[in-house]
Amino acid sequence: MLCNGIDDCNDQSDERNCSVAACGLHEFQCSNSTACISKYQLCDGNHDCASGSDESDHLCEERATQPGSCGELEFICRSGQCIELESACDNFPDCSDGSDEVNCNRNECLEANGKCSDYCWDLPLGYECACPTGLDLINHFICEDVDDCRNSDMCDQICVNLHGSYTCNCYQGYQKNPHTGTCQATGEEPFMIVTNQGDIRRINMNRMEYLEIADNLDNARALSLDISSSTIYWSDEMRRGIFRMSVDQNRRDIRQILGDVQSPGGIAVDWIYSHIYWTDSGAKTLSLATLDGLKRKTLFSKNLMEPAAIAVDPESSFLYWTDIGEPPKIEKAGLNGAGRRILVNIGIEKPTGIALDYIKKRLYWADSGLHELFYTDLNGQRQSSVFHSQKYLANPFGLAVFEDCAYWSDVEGKAVYSVNKFTGTNVKVLASNLTKPRGLVVFHKLMQPIVQNWCVREHAACEYLCVPAPYTDQNYACLCPDGMAPDATGHTCGKETNSSTSSQERGDSSTSSQERGNSSTSSRERGDSSTSSQERGDSITSSQERGDSITSSQERGDSSTSSQERGDSITSSQERGDSITSSQERDDSITSSQEKSDSSTSSQEEIDPDHLDAVSVGVIALIVILIGIVMCCAAMHWRMILGHVKISRCYSPVQLDAENSMICNGQRMDSVSQQSLL
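Residues numbered from 1 in each chain as written. Predicted model: local features only at pLDDT ≥ 70, side-chain atom pairs only at ≥ 80, totals over all residues. Heavy atoms only, no water.

Undergrad: Break down the state of the cysteines for me, with residues and values.
TA: What the rule picks out here adds up to 11 disulfides. Here Cys-30 connects covalently by a disulfide to Cys-49, the sulfurs 1.8 Å from one another. Around the S-S axis, the bridge from Cys-30 to Cys-49 shows a dihedral of about -75° and counts as left-handed. Here Cys-49 lies in the loop between strand 2 (36-38) and helix 1 (57-65) and Cys-30 lies in the loop between strand 1 (27-29) and strand 2, a separation of 19 residues in the sequence. The class for Cys-30 is buried, based on a relative accessible area of 4%. Taking the relative accessible area as the measure of exposure, Cys-49 reaches 3% and is therefore buried. In this model, Cys-155 is linked to Cys-168 through a disulfide, with the two sulfur atoms separated by 1.7 Å. Sign of the S-S torsion, about -75° for the bond between Cys-155 and Cys-168, identifies this disulfide as left-handed. Residue Cys-155 is located in the loop between strand 8 (142-145) and strand 9 (158-162), and its partner Cys-168 is located in strand 10 (residues 165-169); the two are separated by 13 residues in the primary sequence. Each member of the pair, Cys-155 as well as Cys-168, is classed as buried. (Disulfide = S-S within 2.5 Å. Helix = DSSP H or I, 4+ residues; strand = E, 2+ residues; numbered from the N terminus. Buried < 20%, exposed > 50% of the residue type's maximum accessible area, 1.4 Å probe, protein only.)

Undergrad: Quick one: what's the story with the pairing of strand 7 (residues 135-138), residue by residue and with numbers?
TA: Looking at chain direction, strand 7 and strand 8 are connected through 4 bridges and run antiparallel. Across the sheet, the residue bridging to Ile-138 is Ile-142, located in strand 8. Here strand 7 hands over to strand 8 after 3 residues, with Asn-139 in that stretch at a positive phi of 60°. (Pairing = 2+ DSSP bridges.)

Undergrad: Please give an account of the nonpolar core that cites residues and values.
TA: Nonpolar side chains in soluble globular proteins tend to end up buried together. Core analysis: the biggest nonpolar cluster contains 35 residues, and Met-192, Ile-193, Ile-232, Trp-234, Tyr-407 and Val-416 have the highest contact counts within it. Sequence-distant contacts of Ile-232, that is, excluding residues within four places in its chain, are made with Ile-193, Ile-200, Ile-213, Leu-223, Ser-224, Leu-225, Phe-243, Arg-244, Met-245 and Val-247. Judged by nonpolar contacts, the second largest core, of 21 residues, contains Leu-286, Ala-333, Ala-477 and Cys-493. (Core = buried A, V, L, I, M, F, W, Y, C linked by side-chain atoms within 4.5 Å. Contact = heavy atoms within 4.5 Å.)

Undergrad: Could you give me a rundown of the pattern of salt bridges, with the residues and numbers involved?
TA: One pass over the structure, following the stated rule, counts 12 salt bridges. In this structure, Glu-111 and Arg-106 form a salt bridge, with 3.3 Å as the shortest nitrogen-oxygen distance. Residue classification places Arg-106 among the partly exposed residues on the basis of a relative accessible area of 22%. A salt bridge links Lys-421 to Asp-357, with the shortest nitrogen-to-oxygen separation between them at 2.8 Å. Taken as a pair, Lys-421 in the loop between strand 34 (415-420) and strand 35 (428-431) and Asp-357 in strand 28 (residues 351-357) lie far apart in primary sequence, 64 residues in all. Residues joined in a network through salt bridges with shared partners are Arg-221, Glu-237 and Arg-438. (Salt bridge = Lys/Arg side-chain N within 4 Å of Asp/Glu carboxyl O.)

Undergrad: Any details on the environment of Ala-431? Residues and values, ideally.
TA: In this structure, Ala-431 sits in strand 35. Taking the C-alpha atoms as reference, Ala-431 lies 7.4 Å from Glu-209; in sequence the two are 222 residues apart. With near-sequence residues (within four places) excluded, Ala-431 lies in contact with Ile-203, Met-208, Lys-414, Ala-415 and Val-416.

Undergrad: How would you sum up empty space enclosed by the protein? Please name residues and give values.
TA: A complete count under the given rule lists 2 cavities of 30 Å³ or more for this structure. Estimated volume of the second largest cavity: approximately 30 Å³. Together, Asp-313, Leu-356, Asp-357, Tyr-358, Lys-361, Arg-362 and Leu-378 line the second largest cavity. Of the residues assigned to the lining of the second largest cavity, the class counts are 3 nonpolar, no polar and 4 charged. (1 Å grid on protein atoms, 1.4 Å probe; cavity = no way out; pocket = protein on both sides within 12 Å on 5 of 7 lines; lining within 4 Å. Points joined across faces, edges and corners; volume = space filled by probe spheres on them. Nonpolar A, V, L, I, M, F, W, Y, C, P; charged D, E, K, R; others polar.)

Undergrad: Outline the sheet that holds strand 18 (residues 241-246), supporting the account with residue identities and numerical values.
TA: The 4 strands are arranged 16-17-18-19 in an open sheet whose pairing can be described as antiparallel. In this open sheet, the two strands that pair with only one neighbour each are strand 16 (220-226) and strand 19 (255-258). Strand after strand, the sheet turns through a mean of 30° between neighbouring axes, direction not considered. The pairing of strand 17 (residues 231-236) with strand 18 spans 6 bridges and is antiparallel. Across the sheet, the residue bridging to Asp-236 is Gly-241, located in strand 18. (Axes fitted to C-alpha atoms, helices over the stretch in contact; angles between N-to-C directions.)

Undergrad: Which residues make up the sheet that holds strand 15 (residues 210-214), and what values do they have?
TA: Taken together, the 4 strands give an open sheet; going across it, the order is 15-14-13-36, and neighbouring strands pair in antiparallel fashion. With partners counted over all chains shown, the strands left at the sheet margins are strand 15 and strand 36 (437-443), one partner each. On average, each strand axis in the sheet is tilted by 25° relative to the strand beside it, whichever way the strands run. Direction of pairing for strand 13 (residues 191-196) relative to strand 14 (residues 200-204): antiparallel, over a ladder of 5 bridges. Each bridged residue has a counterpart across the sheet, and for Ile-193 the counterpart in strand 14 is Arg-202.

Undergrad: Can you tell me about the environment of Asp-57, naming the residues and giving the values?
TA: Position of Asp-57 among the secondary structure elements: in helix 1. Distance from Asp-57 to Cys-43, taken between C-alpha atoms, is 8.8 Å for residues 14 residues apart in sequence.

Undergrad: A description of unusual backbone geometry should follow, citing residues and the corresponding values.
TA: For the bond running from Glu-326 to Pro-327, omega is 0°, close enough to zero to count as cis. Locating Pro-327 in the fold gives a position in the loop between strand 25 (318-323) and strand 26 (329-334). A positive phi angle is found at Ser-230, which is not glycine, with a value near 55°. You will see that His-371, though not glycine, has its phi angle at about 55°, which is positive. With respect to the helices and strands, the residue His-371 is situated in the loop between strand 29 (362-367) and strand 30 (372-377).

Undergrad: So, the packing of aromatic side chains: which residues are in play, and what are the values?
TA: This structure, assessed with the given rule, holds 12 aromatic pairs. Both rings, one in Tyr-392 and one in Tyr-417, keep their centres 5.1 Å apart while their planes meet at 80°; by these two values the pair is edge-to-face. Of the two residues, Tyr-392 is situated in the loop between strand 31 (383-388) and strand 32 (396-402) and Tyr-417 in strand 34; the sequence distance between them amounts to 25 residues. With relative accessibility at 22%, the residue Tyr-392 sits in the partly exposed group. With a centroid separation of 5.8 Å and 40° between ring planes, the pair formed by Trp-408 and Tyr-417 is classed as tilted. Of the residues examined, Trp-408 reaches a relative accessible area of 1% and is grouped as buried. On the basis of relative accessibility, which here comes to 7%, the residue Tyr-417 falls in the buried class. We note Arg-340 situated over the ring of Phe-300; from NZ or CZ to the ring centre the distance is 4.9 Å. Between the NZ or CZ atom of Arg-438 and the centre of the ring of Phe-397, over which it lies, the distance is 5.7 Å. (Phe/Tyr/Trp six-rings, centres within 6.5 Å; stacked < 30°, edge-to-face > 60°. Lys NZ or Arg CZ within 6 Å of the ring centre and 35° of its normal.)

Below, the structure is given as structure tokens:
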């Protein structure tokens, strides 16, 4: 473009024989016009020239490809040469084309204030716009109010933006310190509670003194609390459980609420919904339970390497936890287990401690691998380092945030420290010479604010567990025991999630049907058994009628026949026992079929316990009767064998005298009489 002040031909031929422009060195002359605009207005999306030449494609492409070789304190000659800004308008041409000495005595601020909205400062060559305190210069000309509160660290709690300024306020329950301007909690004096391996201590936050509130513990580890009930909860690594105790002096009895925790890590109490969440690095799980431990649920059992610290936020319905396995990370999910995602996995090595700042909506964590204290917003977008120290953060474990300070315990340093959570300054030692400090909490009612409980509504009646749920319209969800899932209503636990178990139950039902067929066969065998018993009685009568006329050999044969019949009788008794067992199996088959039908219709009818007791008593009585019958048959069998032995003793191939013959005949008669009695 000709005479536009830009060497488009790279040989100045397009700028020769041009009339002297009235525009300054930092201005642009519109084409086909004598109008001048600031060079800052070129290619800004607005047509400042009537011809639109300031937004032409050729001009904007040319400016985009030109290297910005001149600095802010340098003057750009029309030839493209850069000279020092102080060399311009010094009555000596430093540019090869002398453009640094053109229009030097012109004050652009005298004309419409240089188009500046507030201040216009005239320079030896050109001018610049400026703004008063609290306003920012927009597009080099216009001053606008800037939001000072966009910097979240301007105030420790509430920041109120004003025109050109701002002011700091405090939330309810806090008051501003007149000397420091920070917000401090009102009411009772806060204190700290720390687990110290074999004991638990209460530490004064303003002076280095402590009180032992629990002793003779095995290995107290993580710690949490429910301030509304003045109860603390801690995990014990040796006893593999979670315990609780009131901090009131009058009732400090220790009670175990959860067992079967392989390697308890972090614990966190949901003080609104009365639940406790914990991590288990041994089982690689994250679970929750009611505060009495009667109902529990596993939330996560996959993609957990070594879960450690945990924190909950009942207001937003989210929980956060750290994983110090490989790869290390911090994760976030709903308190119902939904929406799980990784929050932080970059710039992290071993996050052992975690804490929520409910006022500033931040998540703090202590990294024992990097020996550093960090924070991020609750979406993981803004990550910042607060404090780094090999000495004070040698091996941090417990972490808490209250007012304008962060507090943590250090296992290696055997102490408890604090630091300003914004600036990382003013490090303090609150307790030292401890045994093995780990879990740490701050006890003050403002640490657990009261928020909406969505599970107290009538329509939120859950059969098992009710928890807050993000991403839902009703703001709550019902959870069922492990292996179960809510039915179509979402409130009742009536459907098993393990389909293989249901298939197995259907197979058992088919087996029971087959057992019903076998039971019918056993009933027929029971009838045959009764006939055998009758034949056994006839056999005994026949033996008695034969008397002395039967020879000893015949008696031995009859005795053998009777023994065989007695064996058949015992077999029949066993068959009766099998028949009763088959009857019982038939009852179980009917019950299994009913359970299968109930499972298909998703109904849960409860069985009358009195009916079960009556059936059990009847079955036991029948078994006792069968045992008595079997014992009687066995006794009869042995007594008849003994009688046969006595008869055999009187047999002799030698001719006996009259006296001995009478004795043997008498013994035979006694034996036959005993058999008849039996």
